[in-house]
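Close look at the chain arrangement
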Amino acid sequence: MPEVQSTEQRDIRIKKLKEFESRGINPYPHIYKPTDTSAGLAEKYKDLPNDTQVEDIVKVAGRIKAIRNSGMFIDLYDKDGKIQIFSSLEHLPAEQLDILSLLDIGDIIGVEGRVKRTKRGELSVVTEKLTVLSKALIPLPEKYHGLTDTEMKYRQRYVDMIVNDSTIQTFIKRSQIITSIRKTFLDKGFLEVETPILHPIKGGATARPFITHHNTLDMDLYLRVAPELYLKRLIVGGMDAVFEIGRVFRNEGMDTRHNPEFTILEAYWKYKDYYDMMDLFEDIVRNACLAVNGTLQIEFDGKKIDLEKPFARRSMDSLVKEYTGIDFLAIHSDEEAVKAAESIGVKVEGDQVWGQALVSVFEAKCEEHLIQPTHVMNHPVSDSPLTKIHREDNRLVERFETYINGWEMSNAYTELTNPLDQRARLEDQVRQAKAGNPEADTMVDEDFVTALEYGLAPTGGLGIGVDRLVMILTNSLSIRDVIAFPTLRLK
RNA sequence: GAGUGUGUAGCUCAGUCGGUAGAGCAUCUGACUUUUAAUCAGAGGGCCCUGGGUUCGAAUCCCAGCACGCUCACCA
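Residues numbered from 1 in each chain as written. Chains lettered and ligands numbered in written order. Predicted model: local features only at pLDDT ≥ 70, side-chain atom pairs only at ≥ 80, totals over all residues. Heavy atoms only, no water.

So, the protein's contact with RNA strand B
Put simply, the rule is: Residues are counted as near a molecule or strand when any one of their heavy atoms sits within 4 Å of it. Between N or O atoms, a polar contact is any pair within 3.5 Å; within protein, one atom must be a potential hydrogen donor and the other a potential acceptor, and residues adjacent in sequence are included only when both atoms are from side chains. In this classification, the charged set is Asp, Glu, Lys and Arg, the nonpolar set is Ala, Val, Leu, Ile, Met, Phe, Trp, Tyr, Cys and Pro, and all remaining amino acids, among them Gly, are polar.
In the vicinity of RNA strand B lie 48 residues, with L89, E151, R250, H258 and E408 positioned nearest. A share of 59% is what sugar and phosphate atoms reach among the atoms of RNA strand B within 4 Å of the protein. Within the side chain of Q84, a nitrogen or oxygen atom sits 3.0 Å from a base oxygen of RNA strand B. Contact between RNA strand B and T118: a base oxygen at 2.7 Å from a side-chain N or O atom of the residue. Per-class residue counts for the surface near RNA strand B are 13 nonpolar, 15 polar and 20 charged.

Here's what the structure looks like:
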């Protein structure tokens, strides 16, 4: 509920806020400088015996999450944990007791005092001076169950983060994963670059776009569905290794694995092919996993996943053969391919039928089995307009997608560099769009083809769905658990 | 887009056969210098998601809508 409604508890807190002001206390001061954090004190005084107090004066700050015994004990939480605040009625001056009585759960305060471990063994700061840093007007959700209402978790993520520690931990890990990814690339000599989000022509992936409008240019623009075509231009221009981590936008369905805007990682590496990109992907995943889990043996939704062993490398046709018995490489006509697919109950749509049949059967019969990391290699040409033809079979391309937990985690190519071939394949996309495929590109990006005509060296490319990687590495079952502010309907 | 579930106090949830609103936490008042979800006594707090309908009477049954979840479809 974005509109603030007047409630009994809020009215009472506003009254307390006014009471602070009438005593000359600003409940929203400009600055406060704590000297210590909860974790810092825990470490520094870990050997302090029970019922002992030291003379050092410290200043801590944080949010009140619990008040016990009429204010005698306060649980104060800062970024890395809890510190108890002990306020003795006998030793506190009257004006400090007045402040104490106006505090509520949810308020942010600073506390100055001496460190003590109580009789019960809880490390505490013995209050000498209380400072209100921010008076909270809305009460926090219940302490025991936390916040469980999914809608409120997503609409008011800050509340979810305050109350549910696992929520903020997931977003901390997300940040650490992205830092790790960036470090892996920088260590290999990559340049981090930025390319346009507003695209005059849709391209780089088959997906439905969002369309917006620029007023001054009086021109429609697409929010990018992929940064691919611009990153390759940078390779043409002379960069040898580039990567970009950024948001892309696809106007498609939403579920536990899809959000309309999501974070993609794309990298292009000169004088590399798709085998090199497999190694690169594995490095990225292992480094990121170690950064947040400290191990490469992880568990997702109760399933054990081994990220340590070299990922399996399997051609799509061999997986189809393993799980269905159908050998697509031995099938040479479209009719036969469709018949083979239909014989196991897989419907084939589209007109590039041999390739469509192979992909459809793979998606229907194989994907779900790929729990352990698997590079699925050698897709049919029809599916992959930006990929170089396989060096040994001209029906296939040098492409792989890495599956973990049955999900597509990466998509990588030996990049297509032949400008004439590229133009023909993009023109085929336009033909498909005119035939009614809403995901195909509606016009050829002529400047991209021109760039290839200036010469693109042999290059490997890799794309990673960062949100899904974060899901796997944090055991998060919904993409909305790893995107702080997922797309929701306006309420 | 289809199916399905949920929506009740600030939060977490009960609410029987349709009979007019309940608990715990939180809040307020008081007690207790004690704590670890502190405890004890008392009090206040409700657009039962919205709009229709059936009925003497609807949180409850019916219809429509809204939001969110799940499954499916779609989906680099």
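A few points about the pairing of strand β8 (residues 211-214)
The criterion, for reference: Any two strands with at least two DSSP bridges between them are considered paired. To qualify as a helix, a DSSP run of H or I must reach at least 4 residues; to qualify as a strand, a run of E must reach at least 2; elements of each kind are numbered from the N terminus.
Bridge count between β8 and strand β9 (residues 219-223): four bridges; the pairing is antiparallel. Opposite I211, over in β9, you have Y222 as the bridge partner. As consecutive antiparallel partners, β8 and β9 are separated by four residues, and within that stretch D218 has a phi angle of approximately 45°, a positive value.

Looking at the environment of T7
Mapping T7 onto the fold places it in the segment before α1 (8-22). A C-alpha to C-alpha distance of 8.9 Å links T7 and I138, two positions 131 residues apart in sequence.

A short note on the sheet that holds strand β5 (residues 123-134)
Inclusion rule: Only C-alpha atoms enter the line fits that serve as axes; for helices the fit covers just the stretch in contact. Angles between N-to-C directions range over 0 to 180 degrees.
Read once around its circumference, the closed barrel built from five strands follows the order β1-β2-β3-β5-β4, with strand pairing classed as mixed. Averaged over all adjacent pairs, the angle separating strand axes in this sheet is 50°, with direction ignored. Looking at chain direction, strand β3 (residues 81-86) and β5 are connected through three bridges and run parallel. Pairing of F86 across the sheet is with V126, part of β5.

Examining the sheet that holds β9
Reading across from one edge, β7-β9-β8 is the order of the three strands in this open sheet, with antiparallel pairing throughout. Each edge of the sheet is formed by a strand with only one pairing partner; in this case those strands are β7 (198-199) and β8. Two strands pair when backbone bridges link them, and β7 and β9 are joined in this way by two bridges, in the antiparallel orientation. Residue pairing across strands places L198 opposite L223, the latter belonging to β9.

A few points about the side chain of E415
Our working rule: Throughout, exposure labels follow a simple rule: accessible area from a 1.4 Å probe, protein chains only, divided by the maximum for the residue type, with under 20% read as buried, over 50% as exposed, and the rest as partly exposed.
Inspection of the secondary structure assignment puts E415 in the loop between β17 (407-414) and α12 (419-434). We classify E415 as buried; its relative accessible area is 1%. Within the structure, E415 has its side chain in polar contact with the side chain of K232 (distance 2.5 Å). A distance of 3.3 Å separates a polar side-chain atom of E415 from the backbone nitrogen of G461.

Quick notes on helix α6 (residues 165-187)
What counts, and what does not: Expected helix span is taken as 1.5 Å per residue step, with the number of steps being one fewer than the number of residues.
If you check α6, its first and last C-alpha atoms are 33 Å apart, about what 23 residues at 1.5 Å a residue would give, namely 33 Å. Listed in full, the buried residues belonging to α6 are T167, T170, F171, R174, I177, I178, S180, I181, T184 and F185. Just downstream of α6 lies G189, where phi reads positive at about 90°.

Some details on the pattern of salt bridges
Our working rule: For salt bridges, the criterion is a side-chain nitrogen of Lys or Arg within 4 Å of an Asp or Glu carboxyl oxygen.
Scanning the model with the defined rule gives 43 salt bridges in all. The salt bridge partner of D104 is K135, with a shortest N-O separation of 2.7 Å. Here D104 is found in the loop between α3 (94-101) and β4 (108-117), whereas its partner K135 is found in the loop between β5 and α4 (150-155), with 31 residues between them in sequence. Neither D104 nor K135 differs from the other in exposure class; each is buried. Residue E322 pairs with R314 through a salt bridge whose shortest N-O separation is 2.7 Å. Among the residues examined, E322 registers a relative accessible area of 47% and is labelled partly exposed. One continuous salt-bridge network, built from bridges that share partners, spans K16, D104, D107 and K135.

Quick word on the confidence of the model for chain A
When pLDDT drops low, the exact placement of atoms in the prediction is not to be read closely. Here is the rule: For every residue, the predictor reports its confidence as pLDDT, a number between 0 and 100.
Summary statistics for chain A give a mean pLDDT of 94 and a share of 98% for residues scoring 70 or more. Model confidence for the complex is summarised by a pTM of 0.95, with the ipTM given as 0.93.

Examining the packing of aromatic side chains
Using the following cut-off: Ring pairs are drawn from Phe, Tyr and Trp, using the six-membered ring of Trp, whenever the two centres fall within 6.5 Å, and their geometry is named by plane angle: stacked under 30 degrees, edge-to-face over 60, tilted for the rest.
Evaluation of the coordinates by the stated rule reveals nine aromatic pairs. Ring plane angle 10° and centroid distance 4.5 Å describe the contact between F185 and F243, whose orientation is recorded as stacked. Of this pair, F185 sits in helix α6 while F243 sits in strand β10 (residues 241-249), and the two are 58 residues apart along the sequence. Taken together, a centroid distance of 4.9 Å and an interplanar angle of 55° make the contact between F190 and W269 tilted. Taken as a pair, F190 in the loop between α6 and β6 (191-192) and W269 in strand β11 (residues 261-270) lie far apart in primary sequence, 79 residues in all. Comparing F190 with W269, the two get one shared label, buried.

Focus on the environment of F300
Note the following rule: Residues are treated as being in contact if the distance between any of their heavy atoms lies within 4.5 Å.
Within the secondary structure, F300 sits in strand β12 (residues 297-300). Of the residues examined, F300 reaches a relative accessible area of 2% and is grouped as buried. Spatially, the C-alpha atoms of F300 and M471 are 8.8 Å apart, while their sequence positions differ by 171 residues. Each residue touching F300, except ones within four places of it in the same chain, is listed here: I305, N405, W407, M471, I472, N475, S476 and L477.

Section: the pairing of β11
Among the 10 residues in β11, nine count as buried, and that is most of the element. Bridging between β10 and β11 involves nine bridges; their strand directions are antiparallel. Opposite F249, over in β11, you have E261 as the bridge partner. As paired elements, β11 and strand β18 (residues 459-465) share seven bridges and run antiparallel to each other. Across the sheet, L265 pairs through a bridge with I464, a residue of β18.

Some thoughts on the side chain of R233
Position of R233 relative to the elements: it lies in helix α7 (residues 228-237). Taking relative accessible area as the criterion, R233 reaches 17% and is therefore assigned buried. A distance of 2.9 Å separates the side chain of R233 from the side chain of D447, its partner in a polar contact. Those residues in contact with R233 that sit more than four places away from it in its chain are D445, D447, F448 and A451.

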